[in-house]
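Notes for the structure review
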Amino acid sequence: TDSYPEIKRDSRFAQISKEHVDYFKELLGKEAALVDGVTAGATEDDLEPFNSDWMRKYRGHCRLVLKPGSTEEVSKILKYCNENMLAVVPQGGNTGLVGGSVPVFDEIVVSASRMNQIRFFDEVSGVLVADAGVVLEVADQYLAEKGYIFPLDLGAKGSCHIGGNVSTNAGGLRLLRYGSLHGTVLGIEAVLPDGTILDDLSRLRKNNTGYDLKQLFIGGEGTIGMITAVSIHCPQRSKAVNVAFLGLESYEKLQQTFKEAKTQLGEILSAFELMDSQSQDIFHKVKDNKRPLEGEHPFYCLIETSGSNSEHDSEKLEKFLEDVMTKELVTDGVVAENETQLRSLWSQREGITETIGHWGGVYKYDVSIPIKDMYKLVEDTRKRLEDAGLKGESDKYPVVDVVGYGHMGDSNLHLNIAVRRYDKEVEAALEPFVYEWIAERNGSISAEHGLGIAKKKYIGYSRNETTVDLMKQIKNLYDPNGIMNPYKYI
Ligand code: FAD
Ligand code: 2HG
Ligand code: ZN
């Protein structure tokens, strides 16, 4: 999908000229702060990491990347772009999965990568204030040394930025325990398209003084401004972390196991992740590693506990395992005995996204559905593609497999269709089928990845007209010229 035949470049936007680039060069000073394919010799290859998304599914044609080093520089860049009608795409680690982080045409990429300083940490309250371009894993390691933890964790932690996380309102693997960024983010600093700096870097947990404007930027996907810093409440890091990996016979038993986990593990439960056998087959085919359990099971789940008393927590988890096996809810299970095993069990879950694209492509649906119906979407989609003669072993079939996994504890399913090639027939079988299926059950077509360009057309399946109209009014208020991340969902 190299181009977007259905989208036309907005002629209101200026073409980038030498004069524009000269302004940015003078402003940013350093050569390292620009990737310039307009006046200097930056090649397609130099620009590729900014033009192409993580899945290599969406590609733009930007010829200029700016890497400001401060909020003031971001302010001057956006003000100039706004006055000169230059369109802009804010970019973090470029790990987003809905094509929102890359340009569509020749929009200028403003990367947060040089804004990567921790600004403040309070060892008593756990409040962290950091630049938007701090990599999530770097923030978490910094916190680990102080006995704290970042309240968000996800497979892309080594590349994604905390500013990108907040802009997508990423959910991830710890939401069950620490809640969403809408609760943990205490404040933001952002630059509006006209250059105004919105300094709302509150360090307070409670602040009921009018509209909570930061919430619009949390999950705003770069459409109303660029986040330059984040203030976030970080919990104490648990001393004892345990992980169990279980094999189960049916989705029904998985639901009962989840209920038992909540009852028996209570306050120490920190993750409950679902993986079906198809997702694990793919992981093992690609990685060729030893499976954690003997034999194969239709469903797997990963349970993590985080508490303060190692002995007490292990005992609780062992007792829980014994109980669910006695009740025949769980067929087989293993508990990590050390840090290496713990990481290896987590990789069975975190590594799915990386391995599933192995055959050429993936159609991704990141959905919220009431838990009892959640896996039926995978079964119905699988049947639909089989009935249409699109799924099979040999190369003549576009579909390799239909896979379900995700954050069961948050009723968030990742339906992934691994394909050998992107194919119009497969697309027609999937859409709007999947979206209608979700809307009928009052689910959400995007639980945590956002809308970007991939889900742009489908917002109406999850939001009514009044809501979408209000969103458009907000967009127009903040960004009247529409320069921020154009052509995307709003
Ligand atoms: P980018 O991809 O660069 O940008 C994402 C969006 O935010 C774009 O619209 C962009 O314009 C905007 N943006 C970025 N930075 C800024 C800024 N400073 N100001 C304003 N707008 C900005 N997501 C989950 O929710 N849960 C998961 O478990 C999860 N796991 C993942 C695992 C893998 C292996 C991968 C590749 C992705 C995963 N994701 C997950 C997707 C997720 O959205 C991103 O990984 C992450 O939150 C995006 O951060 P980023 O810095 O890469 O942002
Ligand atoms: C995860 O939970 C991510 O692993 C990615 O949200 C999901 O690749 C996906 O569809
Ligand atoms: Zn996820």
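To be clear, the structure that these remarks concern was listed above.
The structure reproduced in this document is the subject of the present report.

What counts as what
Residues numbered from 1 in each chain as written. Chains lettered and ligands numbered in written order. Predicted model: local features only at pLDDT ≥ 70, side-chain atom pairs only at ≥ 80, totals over all residues. Buried ≥ 20, exposed ≤ 12 C-beta atoms within 10 Å, placed from the backbone. Helix = DSSP H or I, 4+ residues; strand = E, 2+ residues; numbered from the N terminus. Pairing = 2+ DSSP bridges. Arc of directions from axis to C-beta. Contact = placed C-beta atoms within 7 Å. Near = placed C-beta within 6 Å. Nonpolar A, V, L, I, M, F, W, Y, C, P; charged D, E, K, R; others polar. Domains from an automatic or database assignment.

Another point: the pairing of strand S9 (residues 226-233). Two faces belong to every sheet, and in a regular strand the side chains alternate between them. Judged by how many residues are buried, S9 sits mostly within the fold: eight of eight residues are covered. Bridging between strand S7 (residues 185-191) and S9 involves six bridges; their strand directions are antiparallel. Looking across to S9, one finds that Glu-189 is bridged to Ala-229.

What sets the pattern is the α-helix's 3.6 residues per turn: residues three or four places apart point alike. Of the positions making up helix H2 (residues 44-51), those classed as buried are Leu-47, Phe-50 and Asn-51. Along H2, the residues classed as buried sweep out an arc of 90° about the axis, all on the same side. Exposed and oriented more than 90 degrees from the buried face of H2 are Asp-45 and Glu-48. Residues of H2 that are buried sit in contact with strand S1 (34-36), strand S2 (64-66), strand S3 (88-91) and strand S4 (108-111).

Let us now look at the site of ligand 2. Residues in close proximity to ligand 2 include Leu-97, Gly-155, Thr-353, Lys-364, Asp-366, Gly-406, His-414 and Asn-416, which together make up its full environment. Tallied by class, residues from the shell around ligand 2 come to one nonpolar, five polar and two charged.

Moving on: the environment of Ser-411. Among the structural elements, Ser-411 can be located in the loop between strand S15 (399-407) and strand S16 (412-419). The spacing of Ser-411 and Leu-176 is 235 residues in sequence and 10.0 Å in space, taken between C-alpha atoms. Aside from chain neighbours lying at most four places away, what touches Ser-411 is Ser-368, Ile-369, Pro-370, Ile-371 and Met-374.

Now for the site of ligand 1. Close contacts around ligand 1 come from 38 residues, with Gly-92, Gly-96, Gly-100, Gly-164 and Gly-222 the closest. With five residues, the top contributor of residues to the shell around ligand 1 is helix H5 (residues 162-168). In terms of residue class, the shell around ligand 1 is built from 13 nonpolar, 22 polar and three charged. If you count residues domain by domain, the shell around ligand 1 takes at least three from each of domain 1 (18-113) and domain 2 (118-233).

By themselves, these figures tell us nothing about what the structure is for.
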